[in-house]
Amino acid sequence: MKIDDIRASYLEFFRDRGHVVERSDRLVPASDPTLLFTSAGMVQFKPYYTGEAPVPYRRAATSQKCLRAGGKANDLDEVGKTSRHLTFFEMLGNFSFGDYFKREAIQWAWEYSTGVLKFDPNLIQVSVFQDDDEAHAIWEKEIGVKPSHIHRLGAKDNFWGPAGDTGACGPCSELLYDRGEHIDPNATLEHDPKERFLEFWNLVFPQFDQQLDGSRPPLKNRGIDTGMGLERLAALLQNKETVFDTDGLFSIIEATQALTKVKYTENPVPFRVIADHARALSFMIADGILPGNEGRGYVQRRLLRRAARFGRELGLDRPFLHQVAQTVVETMGHHYPELVEGRKQIDKIIHTEEERFASTLARGMDLIEVIFDGMKKQGLQTVPGEELFKLHDTFGFPLDLATDIAEDNGYAVDKAGFESAMKRQREQARSAWAGSGQSAVAPIYRTLHDELGDTPFEGYTQLSCETTITALVKDGTRVDALKEGDSGSVLLAATPFYAESGGQVGDAGTLEASEAHGVVSNTQKLTGKLFVHTVTVARGTLRAGDAVTASVDATKRRATENHHTATHLLQAALQNILGDHVHQAGSLVAPDRLRFDFTHFEAIDLDRVQDIERLINDYIRRDEAVTTESKALEDARAAGAMALFGEKYEDVVRVVTVSDFSMELCGGTHVPRTGVIGYCKILTETSVSSGVRRIEAVCGEPCVDTLQAREKQLSRSAHLLSASVDSLEDRIKALLDENKRLGREVEKWKQAAATGASVDYMSQVQDVSGVKLLACVVDGQDSQGLRMVLDNLRDKLGSGVVVLGSADGDKVALCVGVTKDLTGRIKAGDIVKAIAPIVGGGGGGRPDMAQAGGKDPSKLGEAIGQAPGVVAGLLG
């Protein structure tokens, strides 16, 4: 069976048994802000087990894309070394929420394994939790598994969860396939170094709800959570030694092999790592994760650099991973359309990061040479672990590559010291990781959502409606009333207030009761589609059950709608002018401005920014109709509607269209016609991170305010320079030219004063171990001026060493020069490193010239006075 056939047969098997087949959740968990990545199929269903969210169905089945490369679930270091570990994989799973339990889960697992997959029942071993008599009895008495094939194991092997710090957990039962005595006749389930028994299905029986304090109260919805690695199952069914040899991964290995002269059979580990990491990177980018220096972005960058490092073992020194990633798209895009939609982003982002890593490696090589030079002087034979960690953590230089280089140069490496520093960094990262940036939702809102359901939204067609207060919350507790001066959350039977989502800010406005008035400052959806209004009572008392008139602040809403529709026009203009690789990477739509982050890989020059702005305003002037309609998700995609990169949508979506120019999936509010916007002015275009740019713009009244403020600023600037606005640019150029001319004059005078006849520096030259040394303080020079003085005196000296220092305010500059004929005996960098700490600084440089800065001018004389001793010591 091919991987596609296995996936399809599994989902169909459970569909026939009353399960709703859900789409895979994103790799960024939507329902669990405590997790770095989706690491198991049950993650998206976690609130259903705990009762924190209403259960829309009692049975579900999925093929979930998972990533275990950071945080609690991390298989990164095992990838390529074992036959089965992957960072990215698909997990087949069937789930029950307060419906069936152990009996059905076990029966169906056996039926699918032996009936559909045709596994020999005699080759299946079963494990259960040591205290789970119920599961043991079902396997033995009802399924008929031999007692010798049922094994009781401890919590380490047969108690699962939770996925994260809290949530559903419970005992489990595993199905393992015996690959034969020829692999290891002495193997047992607990001692199986050669992997004779391959676990292929884990049946978890969630019965408990893990709390932060370690307690485990019973789950509200006791259920079933099973997980079966698709690639691992394919390896068994296709009779392959490793998951990498299955049809889902081997085509990616072949793509790498086509780029190198090395054969897979000669050195399989690099090929396996590259295949796994290429899949992980492709799916991460398709789900909107971008390279960065922390959190998910850091994991992504580490995966890419690790794959690039293994590529060098195959002779792939130039960027290649972006080419391999295209095979991932071709292999898996038919089942995961987000890969096809993100093909260009995947290619460009990976390529850009590969090029960046190439420069990192080059810089790292220079740094390693500096480390080696220092070790030679100190007579060290082992590279310190802290230095290795600094290379790895600060400069992204891989430990294994640093180890290879060190060993090639005859040095050992302190791996224990490296691991100690790495452990310390992981602990710091773990304590600093705050989840996805979302705060955990207070339990009261999940309870209220369970009781009240979703809030009907009336705000697409009206800005005011008569409604009823269904619940009030203050300080995380449900209350009967909010009194004058109180602030809290108000839930309504229906609402015209748009809740913050999709980048659009939540509506503000008022709640008017017969004897009370409340001011709404924000509206959010804290769980599901339960609208939560943040309210301060300005007069009277608001009570649960009160009839109220809910009114949106029309001015703010209309201004927000201007910016939201303009954001759609902006994205369409960016794609039209820059290319269809442009995709939204984040946005803010507010009454006073819009901010739009998008994938692009270089700065946009002013002419193109103006072209983008001109195109947007062209469609505004056309006064095109802005239409909205609901469509099936697949129909909307087929029609070409643009989706938010990496977002998971419902089966029916809202499509917002502007003529033939823009079509997006969007739940936000918009103007009826583009002409309402008035004008859109782009204010800034900047970099956010590698491969992501940001545009900020204003529309309508805020645009007028901004342009008038800039006009006043321009007029005041022209007045200060005694120029008209029209001549201001020429006036500034003339002033800059004059300033440069005067600056050059000042530098000439400073150098003349420092090296002129008034100071006889050459009379201060001394002999140190047969080498001429000039060490002195030069007054009033910054580092640039000191360098000019150094060049002049070194030329006069002919052969020798010059050590100069100067104080400028509270800063110290040091400059050391060694003539070329002496750099084999003594290096300028070693001298400056020895004396710079005296003035509270540090520095370095080339053998013939080095500079340093300092913070303590009072110690400058002492530092220069130490120069003869330092030089003598280095000369030996």
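Basis of the calculations
- Residues numbered from 1 in each chain as written.
- Predicted model: local features only at pLDDT ≥ 70, side-chain atom pairs only at ≥ 80, totals over all residues.
- Heavy atoms only, no water.
- pLDDT = per-residue confidence, 0-100.
- Helix = DSSP H or I, 4+ residues; strand = E, 2+ residues; numbered from the N terminus.
- Contact = heavy atoms within 4.5 Å.
- Expected span 1.5 Å × (residues − 1).
- Buried < 20%, exposed > 50% of the residue type's maximum accessible area, 1.4 Å probe, protein only.
- Pairing = 2+ DSSP bridges.
- Axes fitted to C-alpha atoms, helices over the stretch in contact; angles between N-to-C directions.
- Phe/Tyr/Trp six-rings, centres within 6.5 Å; stacked < 30°, edge-to-face > 60°.
- Lys NZ or Arg CZ within 6 Å of the ring centre and 35° of its normal.
- Parallel < 35°, antiparallel > 145°, perpendicular 65-115°, else oblique.
- Left-handed = near helix turned anticlockwise from the far one by under 90°.
- Nonpolar A, V, L, I, M, F, W, Y, C, P; charged D, E, K, R; others polar.

Novice: Give me the confidence of the model for the chain: which residues, what numbers.
Specialist: Chain-level pLDDT for the chain is 89 on average; 95% of the residues reach the 70-or-more range. For the chain, the element scoring lowest by mean pLDDT is strand 4 (residues 73–74), at 60; strand 23 (residues 547–552) scores highest, at 97. Within the model, the stretch residues 431–438 combines pLDDT values under 50 with eleven contacts to residues more than four positions away or in other chains.

Novice: Go over helix 18 (residues 606–621) with me, naming the residues and quoting the values.
Specialist: Relative to the 22 Å expected for 16 residues at 1.5 Å per residue, helix 18 spans 22 Å between its end C-alpha atoms, a close match to the ideal helical length. For helix 18, every residue scored as buried is listed here: Val 609, Ile 612, Glu 613, Leu 615, Ile 616, Asn 617, Tyr 619 and Ile 620. At its buried positions, helix 18 is contacted by helix 17 (554–578) and strand 29 (680–689).

Novice: Talk me through the sheet that holds strand 33 (residues 801–808); I want residue IDs and the actual numbers.
Specialist: With respect to topology, six strands assemble into an open sheet ordered 31-32-33-34-36-35, the strand pairing being mixed. Each having just a single partner strand, strand 31 (766–768) and strand 35 (842–845) make up the two edges of the open sheet. If you compare each strand with its neighbour and ignore which way they point, the axes differ by 20° on average. Of the strand pairs in this sheet, strand 31 and strand 32 (residues 771–777) are connected by three bridges, and their pairing is antiparallel. Looking at strand 32, one finds that Asp 767 is bridged to Lys 772. With respect to the sheet, helix 22 (residues 783–797) is in contact with strand 32, strand 33, strand 34 (811–818) and strand 36 (849–854), its orientation differing from that of strand 33 by roughly 155°.

Novice: Let's hear about the packing of aromatic side chains: which residues, and what values?
Specialist: Inspection of every chain in the model, using the stated rule, returns 31 aromatic pairs. The ring of Phe 13 has Arg 17 lying over it, and the distance from NZ or CZ to the ring centre is 3.6 Å. Arg 654 extends its terminal NZ or CZ atom over the ring of Tyr 460, reaching a point 3.7 Å from the ring centre.

Novice: Mind laying out the side chain of His 670, listing which residues take part and the relevant values?
Specialist: With respect to the helices and strands, the residue His 670 is situated in the loop between strand 28 (662–665) and strand 29. For His 670, a relative accessible area of 12% puts it in the buried group.

Novice: Residues and numbers for the packing of helix 23 (residues 828–835) against helix 25 (residues 867–875), please.
Specialist: Their axes nearest at 10 Å, the elements helix 23 and helix 25 cross at an angle of 135°. Of the possible angle classes, the one that applies to helix 23 and helix 25 is oblique. The chirality of how helix 23 crosses helix 25 is right-handed. Within the contact between the two elements, helix 23 uses Asp 830, Ile 831, Ala 834 and Ile 835 and helix 25 uses Val 870, Val 871 and Leu 874. Split into classes, the residues belonging to the contact of helix 23 with helix 25 amount to six nonpolar, no polar and one charged.

Novice: For helix 3 (residues 102–116), give the residues involved together with the corresponding values.
Specialist: A rise of 1.5 Å per residue sets the reference length of helix 3, with its 15 residues, at 21 Å; its end C-alpha atoms lie 20 Å apart and thus fit the reference within 8%. Once helix 3 finishes, Lys 118 follows within two positions and takes phi at roughly 65°, a positive value.

Novice: Just give me the short version of the pairing of strand 29, but keep the residues and values in it.
Specialist: Across a regular strand the side chains alternate sides, sitting on one face of the sheet and then on the other. Across eight bridges, the pairing between strand 29 and strand 30 (residues 692–699) is antiparallel. Bridge pairing in strand 30 links Ile 682 to Ala 697.

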